[in-house]
Amino acid sequence: MSGWSNHTGLAVALDRENVDTDQLIPARFMSTPRSEGYGDFLLYDFRNDAHGNPTPDFPLNAVPNASILMSRRNFGSGSSREAAVYALVDFGIRVVIAPSFGDIFASNSVNNGLLPARVSEAEVDAAIAMLADGAKEVTVDLTDKTIRLGNTTIEFTLDDVWQQKLINGWDDIDLTQNHKQAIAAFRAQHVQRMPWAIPVQQTNFRSAGRGTVSQ
Amino acid sequence: MTGCRLLDKLWDAHEILRREDGTSLLWVDRHLVHEGSHHAFAKIAERGVPVAEPGLTFGVADHYAPTRGRPATDAIARMITTLAANTEKHGITCFGLDDPRQGIVHVIGPEQGLTLPGLLINCGDSHTSTHGAFGALAFGIGATEVAHVLATQTVWQKKPKAMRIDVTGRLGPGVGAKDLALAWIAKLGADGARGHAIEYTGPSVRALSMEGRMTLCNLSIEGGARFGMIAPDETTFAYVKGRPFAPSGADWDRAVGQWSELPSDLDAEFETEVTMDASEIAPIVTWGTTPEDALPVTATIPDPARMQGSAADRARNALDYMGLTPGRKLTEIAVDQVFIGSCTNARIEDLRAAAAVLAGRRAKVPGIVSPGSQQVKAQAEAEGLDRIFIDAGLDWVGSGCSMCVAMNGDHVEPGKRCASTTNRNFRGRQGRDARTHLMSPAMVAAAAVTGHLTDVRELLKEREVA
C-alpha cells in the first residue's frame, strides 16, 4: 500500500446517517474475487433500481469521478466486511468525511489507504449545505489534518497512529516481523502460565510456532 | 490507583508490547475463520507467508452454508470449497458441512470449548463480541487484520475505553437478553458505545444463562462497541466444563483458579457508566433500519413530524423504506414471514423459548427455523422441539447464517416483512428491499402465531390460564 499526504478531488454529499456496510456493499456481491474490482458494487441498491438500471440522480452516479464522500454520523457501522472499503476504494474514493465511523470500518479503511476523517456535526451540516448544488473541489491534507472547501478550512480528527500509517503506507505484517523474538518469548511464557491457551486436543503440536495439528 | 477492570486484566495478559504511540501488539489465542476469510488467505498467499499457528486457527462453514440441500449457486459452492482448500493447505482444523461440529462460528466456538474465559479471540466477523460472554477479550476484525493474525498470530490494537452497563432489577416474564440489548441500544444509539469495550454487570446479567449472556454480548457491536464482556462465574464454569477442547483434570482446577481472578476489582472505575433497570424493560421490537430504532412492543410507530433535524430525516427515510405509518400501534404491523436463527438467537434456549410459545399453535405466516449448529439441531430434535415447529407450519432447516446475512441464497423478497431473531434491520440486509423487524425468539414465535407484531406476554398469559 502506498502512502499519501495530500489529495484534491471532487466531493459529493451522501446526506444520510448510519450508512452501514451492508448498504456500502450488499452481501450478495461478496463472493466475487477482489481482482475483478468492487467499484460497481458500491452502494449498489442506491445506485441501481430494482431492474439493475442506474439511478441518474444518485450523487455518485451524477459525479462518477468523485473521490471524497461527505456523510453523516455512524458511517460504516455494522458488519466487519472489508469489502465495503474495497468498494469505496475501487470506485475511486480516497476520503470519507463524517462525524463518526464504525470502529471496525475505520480500522479497515486505514488498512487500505482510505481516510476516515472525523469532523463535527455542525461542520458536516455546513459542508453538506455547500455541496447541495453539486460536487465541489476539496483538498484534504493529512499532514496538518485539514479539509479545504472553497474559502473554508476545517480540521479533522484522526488518531496519530493512523495518520502516520496513511502517510507512510505502512504494512502491519512487515512491522510485526520486526518483533518476532518478542512474540516467541511471549508465547512461551503465556503457554506456561495458561497451558489451555493451546486447545487440549492440539497440545502435541510443536511449541515453537508453526507446527502440525495432531488430531 | 484504582482497581483493575476485567478489560485491563485481559489486555495485560495478552500484551506482547506497547509502542510509544500507545498501540499494543496482542497475542491471539483463538482465530476463527469462515468462508468470508478468502480475502485474507489470498493476501498471505500473495506474500508467500505460512499460517503462523494452524493449531490455534479453526475454520467453519457458516456464512454460505446451505440450509436446505445443495448450495444455491456455483459461486456459493465455490466459497465453501475455497474455505476447505485454504484450511487444508495450511493444516487448519475445519468444521465443514459434513462435520457434526459445524454451525455458526459464534455458536460452535463456545459449544466446542474453544471459547474459554481469559482468552483473546478474533474472527473476521463483527459479532465476535459474542465470546466476551465468557470473560474473554473477543473482537471482530477486517480482512487485512485476519491476514495479519494468520501470518503472525498477533493483532495491533489500541486499548478501547471501558463502559460499564449495570443492570439492576429483574427481567419480567417473556422478557430476555435480546430485549435488554435492544433497550440499551435504543437508549444510547447505534454508535453510543463506539470506541468502548462494554462490561455488563448487575444481578440481571448474573441471572442470565450463558445463552442469554452470549445474546447480550453479541449485540454489543449494534451499539457501536467492538467488545462486549461479562466476568466469568459459576454459570460460565458449569457451561465450559467437559467441552471437547476445554481443559480438564489439574489444568481445569488451575484454569478455574485463574478465571476466578478475572472479575473487575470492586474499586475499578469506568470511563462511561450506564445504569438500566431490568424491571422497566418490556419486549422490544425494531421499527426502522438500524437497531437503535427500537421500542417496547406496546408503543406506537414514531412520528418524524415530532422530531428535529437529521433525526427527523432519518426516521422519515426509515419509515418510507419500512412502509410504515406514523402513529399506528406497533402491534398492528402485519408480517409476511418469520425467521428464527443467527449467531444472536439460535441456541438451544432460544429454540426452547420460541417452542414454548408455538407449542400446540399454528403459525399464520410461513417461516424458517435454523438452529445455530448441528449440535443444537440434534439436541432440539431430542427434546422434540422440531416437531413443535413443524406442526406449527414452520420449516425446520439446517444450520448456518442463513437469512440473517442472506449470503447463502436464503433471503426475504423485496417489499416483504419479516419478524426476525437476527441482529440487523439494515436496509437490504435480508435481501434487496426486505423489511426486517428485530425481536426475541419468543416474540418472533408470537408474531408467527398472530401474523402481526404481538406482545408475547399475552400469549404466555393465555398459556398460564390454560
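Asker: I tried to follow the overall build of chain A on my own but got confused; where do I start?
Answerer: A tally of helices and strands in chain A yields 9 helices and 7 strands. Considered along the principal axes of its C-alpha atoms, chain A spans approximately 65 × 45 × 25 Å. Across the 215 residues of chain A, 55% fall into the buried class. By sequence separation, contacts in chain A at least 24 residues apart represent 62% of the contacts at least 6 residues apart. Here chain A has roughly 8,900 Å² of accessible surface; of this, 48% comes from carbon and sulfur atoms. In chain A, 18 side chains carry a positive charge and 25 a negative one; their mean positions are 9 Å apart.

Asker: Got a minute to help me understand the interface of chain B and chain A in this structure?
Answerer: By a frequent convention, interface size equals the accessible area lost on bringing the separate parts together. In this assembly, 82 residues from chain B lie in contact with 69 residues from chain A. For the pair chain B and chain A, the two sides together bury roughly 6,100 Å², of which 53% comes from carbon and sulfur. Sorting the residues of chain B by area buried against chain A places Arg47, Arg194 and Arg432 of chain B first, and these three jointly supply 11% of that buried surface. Linking chain B with chain A are 10 salt bridges. Across the salt bridge formed by Arg73 of chain A and Asp191 of chain B, the nearest N and O atoms sit 2.9 Å from each other. Inspection of the chain B/chain A interface yields 31 residue pairs in polar contact (both at pLDDT 80 or more). Those elements that provide at least two residues to the side of chain B that touches chain A are strand E1 (15-18), strand E2 (23-27), helix H2 (38-47), helix H3 (74-89), helix H5 (143-152), strand E8 (154-158), helix H10 (249-259) and helix H11 (309-322) of chain B. Here the side of chain B that touches chain A gets 7 residues from one element, more than from any other, and that element is H5 of chain B. Tallied by class, residues from the side of chain B that touches chain A come to 35 nonpolar, 23 polar and 24 charged.

Asker: What's the story with unusual backbone geometry in this structure? I'm lost.
Answerer: Trans is the prevailing form of peptide bonds, just as negative phi is the prevailing case for residues other than glycine. Its identity is not glycine, yet Lys145 of chain A carries a phi of approximately 55°, on the positive side. Relative to the helices and strands, Lys145 of chain A is located in the loop between strand E5 (136-141) and strand E6 (146-149). Even without glycine at this site, Gln153 of chain B takes up a positive phi of about 60°. Mapped onto the secondary structure, Gln153 of chain B falls in the loop between H5 and E8.

Asker: Help me understand the domain arrangement of chain B in this model?
Answerer: Residue and element names in this part refer to chain B. One can read the domain layout of chain B as domain 1 (6-273) and domain 2 (283-465). Inter-centroid distance (C-alpha atoms) of domain 1 to domain 2 is 25 Å. Taken together, the 44 residues of domain 1 in the interface contact 46 residues of domain 2. Between domain 1 and domain 2, a total of about 3,500 Å² is buried, with carbon and sulfur atoms accounting for 56% of that surface.

Asker: Please explain the pattern of salt bridges as it appears in this structure.
Answerer: Working definition: two side chains of opposite charge can pair if their charged atoms are close together. Taken as a whole and judged by the stated rule, the model has 43 salt bridges over all chains. A salt bridge links Lys136 of chain A to Asp133 of chain A, with the nearest nitrogen and oxygen atoms 3.0 Å apart. Judged by its relative accessible area of 29%, Lys136 of chain A is partly exposed. A residue is classified by how much of its surface remains accessible, and Asp133 of chain A, at 68% relative accessible area, is exposed. Note that Asp99 of chain B and Arg101 of chain B form a salt bridge whose closest N and O atoms lie 3.0 Å from each other. By relative accessible area, Arg101 of chain B is classed as partly exposed at 22%.

Asker: Hey, could you run me through the side chain of Ser373 of chain B in this one?
Answerer: All names here are of chain B. With respect to the helices and strands, the residue Ser373 is situated in the loop between strand E16 (367-369) and helix H13 (374-382). Side chain to side chain, Ser373 and Glu111 meet in a polar contact 2.8 Å long. Among the polar contacts made by the side chain of Ser373, one reaches the main-chain amide nitrogen of Val376 at a distance of 2.9 Å. Apart from residues no more than four positions distant in its own chain, Ser373 is found in contact with Gln102, Gly103, Val107, Ile108, Glu111 and Ser399.

Asker: Please explain the domain arrangement of chain A as it appears in this structure.
Answerer: You can read the domains of chain A as domain 1 (6-170) and domain 2 (179-215). Taken over C-alpha atoms, the centre of domain 1 of chain A sits 41 Å from the centre of domain 2 of chain A.

Asker: I tried to follow the state of the cysteines on my own but got confused; where do I start?
Answerer: Cysteine pairs can be covalently joined through their sulfur atoms, and such a bond is termed a disulfide. All names here are of chain B. Applying the stated criterion across every chain, the model contains 0 disulfides over all chains. No disulfide involves Cys123; its sulfur sits 9.4 Å from the nearest other cysteine sulfur, which is in Cys401. Its sulfur unpaired, Cys404 is 6.0 Å from the next cysteine sulfur, which belongs to Cys343. Assessed through its relative accessible area of 4%, Cys404 is described here as buried.

Asker: How should I be thinking about the packing of aromatic side chains in this particular structure?
Answerer: How two aromatic rings sit relative to each other is set out by the distance from centre to centre and by the angle between their planes. The tally for this structure, following the rule as stated, stands at 18 aromatic pairs over all chains. Look at Phe58 of chain B and Phe245 of chain B: their rings are 5.4 Å apart centre to centre, the planes differ by 75°, and that puts the pair in the edge-to-face class. Placement of Phe58 of chain B in strand E4 (residues 57-60) and of Phe245 of chain B in the loop between helix H9 (234-240) and H10 is noted, with a sequence separation of 187 residues between them. Aromatic rings pair up to connect Phe29, Tyr38, Phe41, Tyr44 and Tyr86 of chain A into one cluster. The residue whose ring lies beneath Arg19 of chain B is Trp156 of chain B, and the NZ or CZ to ring-centre distance is 4.4 Å.

Asker: Got a minute to help me understand helix H15 (residues 441-450) of chain B in this structure?
Answerer: Helical periodicity: at 3.6 residues per turn, an α-helix aligns residues three or four positions apart in one direction. Residues and elements named next belong to chain B. Burial of H15 is extensive: 10 of the 10 residues sit out of reach of the surface. Restricting attention to buried positions, one finds in H15 the residues Pro441, Ala442, Met443, Val444, Ala445, Ala446, Ala447, Ala448, Val449 and Thr450. Gly451 sits one or two residues past H15 and shows a positive phi near 85°.

Asker: Would you mind going over the nonpolar core with me for this structure?
Answerer: Most often, soluble globular proteins have nonpolar side chains that are buried together. If you look at the biggest cluster of nonpolar residues, it comprises 179 residues, and the most contacted ones within it are Leu60, Phe75 and Leu88 of chain A together with Trp184, Trp259 and Phe389 of chain B. With 8 residues, H15 of chain B is the largest single contributor of residues to this core. When neighbours within four sequence positions are excluded, Leu60 of chain A is seen to be in contact with Val12, Leu42, Leu43, Arg47, Ala66, Leu69, Phe91 and Ile93 of chain A.

Asker: What exactly am I supposed to notice about the confidence of the model for chain A here?
Answerer: Should the pLDDT be low somewhere, the predicted coordinates at that spot are not to be read in detail. Confidence in the prediction of chain A, expressed as mean pLDDT, is 92, and 93% of residues score 70 or more. Confidence over residues 204-215 of chain A falls short of pLDDT 50; this stretch has 30 contacts with residues more than four positions distant or in other chains.

Asker: So what exactly am I meant to see when it comes to the sheet that holds E8 of chain B here?
Answerer: The pairing of strands in a sheet comes from backbone hydrogen bonds and takes either a parallel or an antiparallel form. Residues and elements named next belong to chain B. Spatially, 3 strands are ordered E1-E2-E8 in an open sheet, and the strand pairing comes out antiparallel. The open sheet has two edge strands, E1 and E8, and neither has a second partner. The average undirected angle you get between the axes of adjacent strands in this sheet is 25°. Pairing of E1 with E2, which is carried by 3 bridges, proceeds in the antiparallel orientation. Bridge pairing links Glu15 to Leu26 in E2. With respect to the sheet, H5 is in contact with E2 and E8, its orientation differing from that of E8 by roughly 130°.

Asker: What is the right way to look at the sheet that holds strand E10 (residues 196-201) of chain B in this model?
Answerer: All names here are of chain B. With respect to topology, 4 strands assemble into an open sheet ordered E11-E10-E9-E12, the strand pairing being parallel. Where the open sheet ends on each side, the last strands, each with one partner, are strand E11 (227-229) and strand E12 (272-277). Averaged over all adjacent pairs, the angle separating strand axes in this sheet is 20°, with direction ignored. Alignment of E10 against E11, held across 3 bridges, turns out to be parallel. Within E11, the position partnered with Glu199 by the bridge is Met229. Running over the sheet, helix H6 (residues 177-188) touches strand E9 (161-168), E10 and E12 and is turned about 125° from E12.

Criteria and cut-off values
- Throughout, a residue's number is its position along its own chain's written sequence, starting from 1.
- Following the order in which they are written, the chains are lettered starting with A and the ligands numbered starting with 1.
- Two thresholds apply to this predicted model, a pLDDT of at least 70 for residue-level local features and 80 or more for giving and counting side-chain atom pairs, whereas whole-chain, interface and lining totals are computed over all residues.
- With hydrogens and water stripped out, all remaining heavy atoms of the structure feed into the side-chain values.
- Secondary structure elements follow DSSP: runs of H or I of four or more residues count as helices, runs of E of two or more count as strands, with numbering from the N terminus.
- Residue exposure (1.4 Å probe, protein chains only): buried if accessible area is under 20% of the type maximum, exposed if over 50%, otherwise partly exposed.
- What makes two residues a contact is simply this: any of their non-hydrogen atoms within 4.5 Å.
- Here the Shrake-Rupley method, with its probe set to 1.4 Å, supplies the accessible areas, and only the displayed protein chains count as covering residues.
- Only four residue types enter the charge count: Lys and Arg as positive, Asp and Glu as negative, with His and the chain ends excluded.
- Here the site of a charge means NZ on Lys, CZ on Arg, CG on Asp, or CD on Glu.
- Put simply, buried area is how much 1.4 Å-probe accessible surface two parts lose in total, over both of them, once they are put together.
- Each reported salt bridge corresponds to a side-chain nitrogen of Lys or Arg within 4 Å of a carboxyl oxygen of Asp or Glu.
- Identification of polar contacts relies on pairs of N or O atoms within 3.5 Å, with a donor-acceptor requirement for protein atoms, meaning one able to donate a hydrogen and the other able to accept it, and with residues adjacent in sequence counted only if both atoms are side-chain atoms.
- Here the term charged refers only to Asp, Glu, Lys and Arg, the term nonpolar to Ala, Val, Leu, Ile, Met, Phe, Trp, Tyr, Cys and Pro, and the term polar to all other amino acids, Gly among them.
- Where each domain starts and ends follows an automatic or database-derived domain assignment.
- Two cysteine sulfur atoms form a disulfide, by the criterion used here, when they sit within 2.5 Å.
- Stacked, edge-to-face and tilted are the three classes for Phe, Tyr and Trp ring pairs, Trp counted by its six-membered ring, which pair at centre distances within 6.5 Å; planes under 30 degrees apart are stacked, over 60 edge-to-face, the rest tilted.
- Two limits define a charge over a ring: the Lys NZ or Arg CZ must be within 6 Å of the ring centre, and within 35 degrees of the ring normal.
- What we call a nonpolar core is a set of buried Ala, Val, Leu, Ile, Met, Phe, Trp, Tyr and Cys residues that are connected through their side-chain atoms within 4.5 Å.
- Scored from 0 to 100, pLDDT records how confident the predictor is in each individual residue.
- Two strands make a pair as long as DSSP finds a minimum of two bridges between them.
- Lines are fitted to the C-alpha atoms to define the axes, a helix being fitted only along its stretch in contact, and any angle between axes, read from their N-to-C directions, falls within 0 to 180 degrees.

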